Amino acid sequence: MTGLFMNSAFFDKALHAFSYMLLHSVWQGLLLALVTGFALLLARKWAPASRYLIMCSLYGAFVITCLMTFVNGWQLTAVSKATVDATLPTAGNPVYQGFQYWVTQLAAFCSRYNHLIISLWLAVFVFRCWQMIRAVRYMGAIRASQLKSAGEVWNQRLAAMIDQLGIQRAVQLFESGLTRVPVVMGHLKPVIYVPLGMLSGLPADQVEAILLHELAHVKRSDYLVNLLQTIVDAVFFFNPGLLWVSYLIKEEREHCCDDVVLTQTGNKKQFIEALIGFKEQTLQRPSLSLAFPGRKSQLIQRVSRIVYGRNNPFSKIEKGFLALSFLICLFVLVSLGGSQWGTSLANENSQPKQDKVLMIAQRTPELNVQQDSISADLQLKLMAVKEVVKANNEKRRAGSNADRARQQQLLIDKEIAAADEARQRTEAANGMDQTADQPLTAALPANRPTSQEDQQGLSAKKLAQQQRELAAIARKHAEEARVQADAERVKAELMRVEASKQRELADIARVQADKDRVRAQEARAEAELMRAKAEKEREKANEARKVAEAQRFKAEADRHYNEQQRQENQRNSTIQLP
């Protein structure tokens, strides 16, 4: 195994295959961004879970395509300098026409400087790996120090929420003094870390919403997906299309967990208050973990999506990036297709036997095996074949250069002849004008101050001086206009920054207004319930009043009847007396 990696042919082949993959991953990433943007436009009204599945599938397809590109580059023999020079487009080569020329030049550059490209990539990749190592160490520090148990009450509530979501893994809950936002770490044994004092400092319903959000990450195995995504982003750090799709995946992942929380609680108000409760927190957290509130802009988008119930559209910058990706992908696809056609046509017109020998010498896998296993006779033959092919290529290139030089010499001779002929015609015309002007010059008086040509020359000089003065005035005005434009641009930039701040404040105010509106709706609903209850109480009071009124009437009638009976009895007793 050590001898295999020490083999220079194996190492060069691996470098060529890897640089081949990195080069093609750029336009493949732009194609990924273009397809993802088109898919999201079609699925703009779909649920976040479906959109997330689409983006993850396309992201995985990109990784598989890069691996296939590496295998394809591995199967191709590294192109030597002589072969690259021989395949460069010339005036008689169809590849010279159109976009294929620039693609061929780029391929030749990458083939010659693949070691430099890999060195630059390796430097940035090592830096990204160092950042990931720092994140892992920070996560280890969170796991090992300043931990506090969440308490029996919250552990019981966490167990109830785990059963509610149907999670089969055991999840632990701790308070940490090192983290300032709730985070979840681990895949097989996930642990939720919340800031110290959060469980007692926030309302219970908001804490439950936060824990449900983190448990949604655990249920969806987002920690493992985020880890793999971080590694791929570190490898293809230079790919703008891949990084944009990765950002969309992370954003849609949070939307999926938000929907899980809203499905379980059914209360937008408490979840929005829980989100806004962390908007002032500093997001100093490891990149491999999954934190609750997210960035400020992402927080505003999440709150807006929860309030209005619709997915956020693409911004103007994202639309411009998609349009540029479409143009670049179209350019690359057209170039690659035309380059393959031109190369095949040029190979058919060249010498068949020598090209077959070149193909055998350059593409045979026997050249990449260890040199010890090849006999000396075969090595000498292969070296002779290479020298013959190189000599033929140099001969063809010298012939083509000689043809171009002869064509250029012919063009120069034609231009010189045309210039001589024009000069002769001009001299002849000037001679005829001087001959015609001699009688007129003799007839002029001797004391004439200047000729007509001199007057025209003076007029031309005066006009040129005026034009120079006007140009100087125009240049001065242009300079003043440029200075004023710079001042206006600076003023516009300040106004744009101020408008951006005002827009952020307006977004926060709109969220607060939405909270107040929800609170007012709840208060209005509560007042409506109280009014209905008071109405029922009033109806009951009216019924009781009617009953009391009827009883009063009855009592009054009874009293009146008793009074009449008493008077009747008195009269009867008076009559009975002697």
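To start, this report covers the structure provided alongside it. Only a predicted model underlies this, so the values are computations on that prediction, with no experimental measurement involved.

### Some thoughts on the overall build of the protein
Phase 1: A count of helices and strands for the protein gives 17 helices and 5 strands.
Phase 2: In the protein, buried positions account for 29% of the 578 residues.
Phase 3: Of the contacts made within the protein by residues no fewer than 6 positions apart, 76% connect residues no fewer than 24 positions apart.
Phase 4: A total accessible area of about 37300 Å² is found for the protein, and carbon and sulfur atoms account for 61% of it.

### Things to note about the packing of aromatic side chains
Phase 1: Applying the stated criterion across every chain yields a total of 10 aromatic pairs.
Phase 2: By way of ring pairs, the aromatic residues Phe62, Phe236, Phe237 and Phe238 are connected into one cluster.
Phase 3: Above the plane of the ring of tryptophan 154 lies arginine 157, whose end atom (NZ or CZ) is 4.7 Å from the centre.
Phase 4: The ring of tyrosine 52 is capped by arginine 220, whose NZ or CZ atom sits 4.6 Å from the centre of that ring.

### Quick word on the pairing of strand β2 (residues 172–176)
Phase 1: Here 3 bridges tie strand β1 (residues 147–149) to β2, and the two strands are oriented antiparallel to one another. What sits directly across from lysine 148, in β2, is glutamate 175.
Phase 2: Bridge count between β2 and strand β4 (residues 191–195): 5 bridges; the pairing is parallel. Residue pairing in the sheet places phenylalanine 174 in a bridge with tyrosine 193 of β4.

### Considerations on the environment of phenylalanine 321
Phase 1: When you line up the elements, phenylalanine 321 lands in helix α14 (residues 316–349).
Phase 2: Note: C-alpha distance between phenylalanine 321 and glycine 241 (80 residues apart in sequence) is 8.7 Å.
Phase 3: The residues touching phenylalanine 321, leaving out its near neighbours within four places in the chain, are Leu30, Ala33, Pro240, Gly241 and Trp244.

### Side note on the pattern of salt bridges
Phase 1: This structure, assessed with the given rule, holds 14 salt bridges.
Phase 2: In this structure, arginine 220 engages aspartate 222 in a salt bridge whose closest nitrogen and oxygen atoms are separated by 3.1 Å.
Phase 3: The exposure class of arginine 220 is partly exposed, given its relative accessible area of 24%.
Phase 4: Under the relative-accessibility criterion, aspartate 222 is labelled buried at 0%.
Phase 5: The salt bridge partner of arginine 305 is aspartate 259, with a shortest N-O separation of 2.7 Å. Here the residue arginine 305 occupies a position in helix α13 (residues 296–308), and aspartate 259 occupies one in helix α11 (residues 240–265), the gap between them amounting to 46 residues.
Phase 6: Classification of arginine 305 by relative accessible area gives buried; the value is 6%.
Phase 7: A single salt-bridge network, built from bridges that share partners, covers Glu254, Asp258 and Arg302.

### Thoughts on helix α6 (residues 114–144)
Phase 1: Across its 31 residues, α6 extends 44 Å between first and last C-alpha, which sits within 8% of the 45 Å expected from 1.5 Å per residue.
Phase 2: Those residues of α6 that sit buried are Asn114, Ile118, Trp121, Phe125, Met132, Ala135, Met139 and Ile142.
Phase 3: After α6 finishes, the residue glutamine 146 shows a positive phi value of roughly 55°.

### Section: the side chain of aspartate 233
Phase 1: Along the polypeptide, aspartate 233 turns up in helix α10 (residues 222–235).
Phase 2: If near-sequence neighbours (up to four positions away) are discounted, aspartate 233 is found in contact with Tyr59, Arg128, Leu242, Leu243, Ser246 and Lys250.

### A few points about the packing of helix α9 (residues 204–219) against α11
Phase 1: Closest axis-to-axis distance for the α9/α11 pair is 9 Å, and the angle between their directions is 125°. Accordingly, the angle class assigned to the pair α9 and α11 is oblique. Handedness of the crossing formed by α9 with α11: right-handed. Each of Ala209, Leu212, His213, Ala216 and His217 in α9 lies in contact with α11, whose residues at this interface are Arg253, Glu254, Cys257, Asp258, Val260, Val261, Gln264 and Thr265.
Phase 2: Split into classes, the residues belonging to the contact of α9 with α11 amount to 6 nonpolar, 4 polar and 3 charged.

### A word on a nonpolar patch on the surface
Phase 1: Taken together, the side chains of Phe109, Tyr113, Leu116 and Leu120 make up a nonpolar region of the molecular surface, amounting to roughly 420 Å² of accessible area.
Phase 2: With respect to the helices and strands, the residue phenylalanine 109 is situated in helix α5 (residues 100–112).

Definitions and cut-offs
- Residues numbered from 1 in each chain as written.
- Predicted model: local features only at pLDDT ≥ 70, side-chain atom pairs only at ≥ 80, totals over all residues.
- Heavy atoms only, no water.
- Helix = DSSP H or I, 4+ residues; strand = E, 2+ residues; numbered from the N terminus.
- Buried < 20%, exposed > 50% of the residue type's maximum accessible area, 1.4 Å probe, protein only.
- Contact = heavy atoms within 4.5 Å.
- Areas by Shrake-Rupley, 256 points an atom, 1.4 Å probe, with all protein chains shown as cover.
- Phe/Tyr/Trp six-rings, centres within 6.5 Å; stacked < 30°, edge-to-face > 60°.
- Lys NZ or Arg CZ within 6 Å of the ring centre and 35° of its normal.
- Pairing = 2+ DSSP bridges.
- Salt bridge = Lys/Arg side-chain N within 4 Å of Asp/Glu carboxyl O.
- Expected span 1.5 Å × (residues − 1).
- Axes fitted to C-alpha atoms, helices over the stretch in contact; angles between N-to-C directions.
- Parallel < 35°, antiparallel > 145°, perpendicular 65-115°, else oblique.
- Left-handed = near helix turned anticlockwise from the far one by under 90°.
- Nonpolar A, V, L, I, M, F, W, Y, C, P; charged D, E, K, R; others polar.
- Patch = residues over 30% accessible without salt bridge, like charges linked within 9 Å, V, L, I, M, F, W, Y side chains within 5 Å.

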